[in-house]
Each structure stands twice: as structure tokens, then as C-alpha cells.
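# Commentary on secondary and tertiary structure
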Amino acid sequence: MPTRIPLFLSLASACAAAQMTPVFLSHVYVVIDPASYEAIRHSAEIRALASAKEKTVDPSHGGWTAFYITGRQTAIEILVAGSTSAGDQWRLGQSGIGLGYGDAGGTPYIEKRLRATFGEKVMLEAGKSETPGVVPWLIEIDVEGDGSDVLSTWFTEIAPGYLVARYPGAGIEHLLSHQQYLAAGFLPDRLLDDVVGLTVALNPSEASILVAELKVAGWMIRQMEEKTVISGPDIAITIIPAGSRAGIREVGLRLRRPTRRQDTSLGSAELLLDGEMGRLRFWGSN
């Protein structure tokens, strides 16, 4: 398995030197058509890949049903177009990037840096709960987009005590640990280790917002002809020009062990595995 230590350490060291809290990829979501959603939900190949199950989030948090593919520290959330969240319908092609950090001082620091760039477009929502009457789940920071809603990006801090309350007896060592957030749902005997790459198709204004957000997070930005590559701890996001479909087009996967080449059609999506890497592609080729 390729080592990931040098990239992680170089970025984490750079963040520490600049007194920044390291920001990690937490999860991504993509809204697809109903037939493709059902193909993924019932796929034996997806279930062999990772911990994969449908889950309904309690209405106290907006209420939605999604299919989750869970890795060691990252997850993929698949939503079906036409389903609802707090009365709003998910639209085909919508997608999102969730970023997390485990530093108790991270929220005011990130909020301050975001406000310096985006001003009043920055929104802070604290005390979200997964279910009524339980310990708060997370604190979330969002930046209002340009109204297209093609891609949402947000920053989250796990509320102190959530992991211990949610997973009693699981031996949680750090109450705010990003690294332990998905540990209870991770299946190490499956193929998937983590999400390590994203390809996102955006128009220039949407791309500039994402670049500015991830620059605030301390990630490295590289402009390469017609694409932009943004590197964070153990993740690279490639922005390409929007074509017929905008949003997340491909999710890059690191596998825990080598596997034979495998191509699986999942409606409008496709799962490709080869060696120690894989790709979950949406809407065909880029």
C-alpha cells in the first residue's frame, strides 16, 4: 500500500507552523437518479467494497435518507433525486464536500479566516443534535454560494462528548477526534481504506469559491493548464471545467489490498477497481 505519511506530515507541519488547525476531508455527497441509487443500494460489489448501508437521519436534524459507503476516516453519502430534506427536494447532480477538524479552538479560528474572505456569507450553526434529547452532535460553518447549489462545502467540529455518548464503551481516546469519528462503522476486512481524491466540475465562479475556502483551510493550490489541483491531508481535489454535468464527477478510492481489475455498471454511475486504487464515477467519463 502506498505510504501517505510524507504528505500528511508536511501539510500538518505547515499548519502547525502557521498556527492553523489541520482540516481534513470528512465526507462527500452526490445526488443521483432513482434507478442508479437502487443499483448502488443493492450492489454486491459495493457491499464487498466497504461498510455500506441505508440510513435515515432523525427529522430533528432536517430528516433525510441516504446510502452511506464508509471508509476508515471518510464516507460517501449517496442521495436520491426527488427525496426531501426539511421540506426541500434534493436535485439531480447536487453534491457536497464536508470538512472536519478535531481542534477545540478550530471553529473560531476557521470562522474568523472565512469571514475575512467571505464576510456576511459565513453562517455558524452550533449545537446540532442527531436525535432529540441527546448530546449535541456538531458545530457547522457554511459559506453561502452563488445560488446554483451545484456544490456545497462546509466545516464541522464534533461537539465535545459526542463520540463517547454515541459509542459507549468503544474506547474513544479523544473527544473531538476526526480520526475516530467513523471508527465504529468501519469494516477493516473490506476493500476500502479511504477516499483520497475527488474530481469536481465547476464553472469559474463556483471554482473560485471552492479554491478560496480550501485556501483558508491551509490546503495547497496548484493551477495546471485547464484544471486546478488542491491538496490537503491525504486528499487531492481536482477542479475541471463544468460540461454537461457539474459537481462531483469522480471519487478516488485507496484500497486496503490489491485486487483484480473490476468494472461494475451502476446505472449512471460506475465502480472501477484496479490494483490498490479504485474510482466511483458519476455521469460517465470526464
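Look above for the structure.
First things first, this report covers the structure right here in the doc. Model, not experiment: these values are computed from the prediction.

### Considering the packing of aromatic side chains
Per the counting criterion, the structure on display carries two aromatic pairs. Ring plane angle 65° and centroid distance 5.5 Å describe the contact between Tyr29 and Trp90, whose orientation is recorded as edge-to-face. Residue Tyr29 is located in strand β1 (residues 24-32), and its partner Trp90 is located in the loop between β6 (88-89) and β7 (95-101); the two are separated by 61 residues in the primary sequence. You'll find Tyr29 and Trp90 in the same group, each marked buried. Here the aromatic residues Tyr29, Trp90 and Trp154 are joined through ring pairs into a cluster of three or more.

### Some thoughts on the pattern of salt bridges
Enumeration according to the criterion identifies 13 salt bridges in this entry. Residues Arg72 and Asp194 are paired through a salt bridge, measuring 3.2 Å at the closest nitrogen-oxygen approach. A residue pair is termed long-range when its members are at least 10 positions apart, and Arg72 in the loop between β3 (64-70) and β4 (75-80) and Asp194 in strand β11 (residues 192-202) qualify at 122 residues. In this structure Arg72 comes out as buried when scored by relative accessible area, which is 17%. A relative accessible area of 2% places Asp194 in the buried class.

### Focus on the pairing of strand β10 (residues 151-158)
Among the eight residues in β10, six count as buried, and that is most of the element. In terms of strand pairing, β7 meets β10 through seven bridges, oriented parallel. The residue of β10 that forms the bridge with Ser95 is Leu151. For strand β9 (residues 138-143) and β10, the ladder comprises five bridges, and the chain directions are antiparallel.

### Regarding unusual backbone geometry
Backbone geometry places Glu225, a non-glycine residue, at a positive phi of 50°. Of the residues examined, Glu225 reaches a relative accessible area of 80% and is grouped as exposed. The phi angle at Asp234 is positive, at roughly 65°, despite the residue not being glycine. By relative accessible area, Asp234 is classed as buried at 17%.

How each quantity is defined
Residues numbered from 1 in each chain as written. Predicted model: local features only at pLDDT ≥ 70, side-chain atom pairs only at ≥ 80, totals over all residues. Heavy atoms only, no water. Phe/Tyr/Trp six-rings, centres within 6.5 Å; stacked < 30°, edge-to-face > 60°. Helix = DSSP H or I, 4+ residues; strand = E, 2+ residues; numbered from the N terminus. Buried < 20%, exposed > 50% of the residue type's maximum accessible area, 1.4 Å probe, protein only. Salt bridge = Lys/Arg side-chain N within 4 Å of Asp/Glu carboxyl O. Pairing = 2+ DSSP bridges.

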